[in-house]
Amino acid sequence: MQTVSFHTLGCKLNFSETSTIARSFRDAGWQRVEFTEAADVAVINTCSVTENADRECRTIVHRALAANPEAFVVIVGCYAQLKPDAIANIPGVDLVLGATEKFNIIAYLENVEKRNIAKVMACEIADANSFISSHSADDRTRVFLKVQDGCDYSCSFCTIPLARGSSRSDSLQNVIAQANQIASTGAKEIVLTGVNLGDFKNNGSLFYDLIRELDQVEGIERFRISSIEPNLLTNEIISFVAQSKKFVPHFHIPLQSGSDKILKLMRRRYLRQLYADRVATIKTLMPNCCIGVDVIVGFPGETEEDFLETYNFLNELDISYLHVFTYSERDNTLAITLPGVVPINERKKRNKMLRILSDKKLRNFYQQHVGKTYKVLFEADHKNGMMHGFTENYIKVKTAYDPSLINQIINVKLNEIDDDLNVTVTILERTAAAKFAHQF
C-alpha cells in the first residue's frame, strides 16, 4: 500500500480542503501517515497570505525530504496558483497543482518517481469557477465546513482573488446534507468557512438563509462563524445568532485599520463607524460574546498618527482579541504601487504594540467570566498532561488530561487565568458518555 502525508499552511479553509484531498487518497487505497514519517508522496497545501511564503514552502519541502529523500513532493494551494514556476524551481518539488487541479491530484500520480524538473499544472484563475465541497475530518474535534470560495472584492493588498478566483458558493441543500453527514460521525461543532463567508449566495439563498437552515440540523450542538466582513454582518444575522439554539456568541470580524484614510487606500467596503456600530450591536444583544479582529499594520501611507488612530480605536472597542498582520508587499496588487512605504522596523514596532494590546484585551475578556459556569467542548490534543477546550464564547480552558472528556461538552467552572492565557477549570458535571468512559 502506497503512503501519503500532508502538511497544511494557512487558514481553516485550507485545512478543510486538505482533509477532502486526503479522503480522495484513502478512497483510492492509499495509507495516510504523519508528515514526520517516510511517505511515498508528500502533499503540501500552501498559503499566499503568510509572510515569506516562499521561504516557508522551502522549509516544509526540506522536512518532507528529510523524512524520505525519495518522497514525491506535490505542492498545492494558493501559493501554488500564484507562483507555480517559482515553486517548481524549489529543489525536491516534483508536481505543482493549481486552484482546480488540486482536487484531482490522484490522476497526476500514475508515476511517483522523483523528477529532475517539476511538472506544473495550473489553470488560468478565470477558469476556477466551480465549487468543490470540503470539510475537515479525523484530525480535530471541531469540523471546518467550507461553504463558499473565492472573492469578488478588490482590496488593494490582497492576492486571494488571484489565487482562488471569483466568489462562488455551495448549494444550501448540499451544505445541509454535509452537516447531517458530519453529525453522523459524532462531531459536536461545525465551523463555517469560506474566503468571503458572508458573501454566500446560491440560487437565491443568502448567508442568513443558510444559518437559519443549519440551526435546525440535528446532532450538531454548536455552529461557529469563522470570519465575516463587517459590511456583510447585518443586524439581521447578529439578531439571529443572539437567539439561536446552536450558533455560538463568537464573531471574528476583519477590521484591518481604524483609520478611515487607510481603509479607503485599502479599498475596504466600510468605514470605522460601521465597524463600531456592529460591535455595539453585538454587545448589546450578547454581552458575553467574544469578538476577534484582524488588523494590518504598516500599510503604505500609514503615518504614526494613522497607526495611533487605529490603536486608540481598538483600545476603546469592546473586543476580545486581535490577529495582527504586518503588511508585506505582494506582486500584482495595487498597494505595492502606493507611496509612503513604512520602514520594516516601524512595521514590527507597531505589530508588537498591537499584540501587547491583544493580550490585555484577551485577559480582560477572560477575567469578566472567571467564577462563572460554562459548557466546554474538549479536544483530543494534549501536552504535558493537560488538555484544552473552548467555551461557547471561545474562552480557551485547560484541565488535567482525561480521555473520557474528548469530544464531550462538559459543564465547568472557570477558575483562574494562567501565564499562557488559558483558564483553569473545575469539572462540574459530565455527560452520560463521559461518566461511563471515566469509569474505565
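Coordinates for the structure precede this section.
Procedures and definitions
Residues numbered from 1 in each chain as written. Predicted model: local features only at pLDDT ≥ 70, side-chain atom pairs only at ≥ 80, totals over all residues. Heavy atoms only, no water. Helix = DSSP H or I, 4+ residues; strand = E, 2+ residues; numbered from the N terminus. Rg over C-alpha atoms; globule rule 2.2 N^0.38 Å. Buried < 20%, exposed > 50% of the residue type's maximum accessible area, 1.4 Å probe, protein only. Contact = heavy atoms within 4.5 Å. Areas by Shrake-Rupley, 256 points an atom, 1.4 Å probe, with all protein chains shown as cover. Lys, Arg positive; Asp, Glu negative; His and termini not counted. Charge placed at Lys NZ, Arg CZ, Asp CG, Glu CD. Expected span 1.5 Å × (residues − 1). Salt bridge = Lys/Arg side-chain N within 4 Å of Asp/Glu carboxyl O. Pairing = 2+ DSSP bridges. Axes fitted to C-alpha atoms, helices over the stretch in contact; angles between N-to-C directions. Core = buried A, V, L, I, M, F, W, Y, C linked by side-chain atoms within 4.5 Å. Phe/Tyr/Trp six-rings, centres within 6.5 Å; stacked < 30°, edge-to-face > 60°. Lys NZ or Arg CZ within 6 Å of the ring centre and 35° of its normal. Disulfide = S-S within 2.5 Å.

Q: With reference to specific residues and values, describe the overall build of the protein.
A: Looking only at helices and strands, one finds 13 helices and 22 strands in the protein. At 22 Å, the protein has a C-alpha radius of gyration in line with the 22 Å of a compact globule built from 440 residues. If you line up the protein on its principal axes, its C-alpha atoms span 65 × 60 × 45 Å. Here the protein holds 440 residues, and 56% of them are scored as buried. Summarising the internal contacts of the protein: among those between residues at least 6 apart in sequence, 72% fall at separations of at least 24. Total accessible area computed for the protein in this model is approximately 19300 Å², and 49% of it derives from carbon and sulfur atoms. The distance from the centre of the 50 positive side-chain charges to the centre of the 53 negative ones in the protein is 3 Å.

Q: Residues and numbers for helix α12 (residues 344-367), please.
A: Its 24 residues give α12 an end-to-end C-alpha distance of 35 Å, which sits within 8% of 34 Å, the value for a rise of 1.5 Å per residue. Residues E346, R347, R350, N351, L354, L357, S358, K361, L362, F365 and Y366 constitute the buried set of α12.

Q: Residue-level account of the pattern of salt bridges, with values.
A: A complete count under the given rule lists 22 salt bridges for this structure. The residue E379 makes a salt bridge to R142 at a minimum N-O spacing of 2.7 Å. Pair noted here: E379 is in strand β18 (residues 373-383) and R142 is in strand β8 (residues 142-146), with a separation of 237 residues, a long-range link. Assessed through its relative accessible area of 10%, R142 is described here as buried. A salt bridge links R168 to D149, with the shortest nitrogen-to-oxygen separation between them at 3.5 Å. Here D149 lies in strand β9 (residues 148-149) and R168 lies in strand β10 (residues 168-169), a separation of 19 residues in the sequence. This pair shows no difference in class: R168 is buried, exactly as D149 is.

Q: Outline the sheet that holds strand β17 (residues 321-326), supporting the account with residue identities and numerical values.
A: As summarised here, the arrangement of the three strands in space is β15-β16-β17, forming an open sheet in which the pairing is parallel. Every other strand in the sheet has two partners, leaving β15 (250-256) and β17 as the edge strands with one partner each. Each strand of the sheet is rotated relative to its neighbour by a mean of 20 degrees, with strand direction disregarded. Sheet contacts for α12: β16 (290-297) and β17; angle to β17, the most-contacted strand, approximately 170 degrees.

Q: Provide a residue-level description of the nonpolar core, including the pertinent values.
A: Ranked by internal contacts, the top residues of the largest apolar core, which has 57 residues, are L192, F207, L214, F251 and L354. A total of six residues in this core trace back to one element, the largest contributor, which is helix α6 (residues 172-184). Setting aside residues up to four positions removed in sequence, L354 forms contacts with V295, V297, F307, Y311, L314, L322 and V324.

Q: Lay out the packing of aromatic side chains with the relevant residues and their values.
A: For any pair of aromatic rings, the description rests on two quantities: the centre-to-centre distance and the angle between the ring planes. The final tally for this structure, using the stated rule, is 11 aromatic pairs. Taking the centre distance of 5.1 Å and the plane angle of 90 degrees together, the rings of F25 and W30 count as edge-to-face. Taken individually, F25 and W30 each receive the classification buried, so the pair is uniform in this respect. Pairing F240 with F247 gives two aromatic rings, centres 6.3 Å apart and planes at 65 degrees, and the pair type is edge-to-face. What makes F247 buried here is its relative accessible area of 4%. Put simply, the rings of Y208, F223, F240 and F247 pair up and form one aromatic cluster. Above the face of the F131 ring, K146 is positioned so that its terminal group lies 5.1 Å from the ring centre.

Q: Can you explain unusual backbone geometry? Please cite residues and give values.
A: Non-glycine residue N384 carries a positive phi angle of around 55 degrees. Assignment of secondary structure puts N384 in the loop between β18 and β19 (386-391). Residue N384 is classed as exposed on the basis of its relative accessible area of 72%. Even without being a glycine, Y394 presents a positive backbone phi close to 65 degrees. As for its position among the elements, Y394 is in the loop between β19 and β20 (396-400).

Q: Give a description of the state of the cysteines that names residues and reports values.
A: Evaluation of the coordinates by the stated rule reveals zero disulfides. This cysteine, C57, is not joined by any disulfide, and C47 carries the nearest cysteine sulfur, 11 Å off. The exposure class assigned to C57 is buried, which follows from its relative accessible area of 0%. C155 forms no disulfide, and the closest cysteine sulfur to it belongs to C158, at a distance of 6.1 Å.

So yeah, pure geometry; function would need other evidence.
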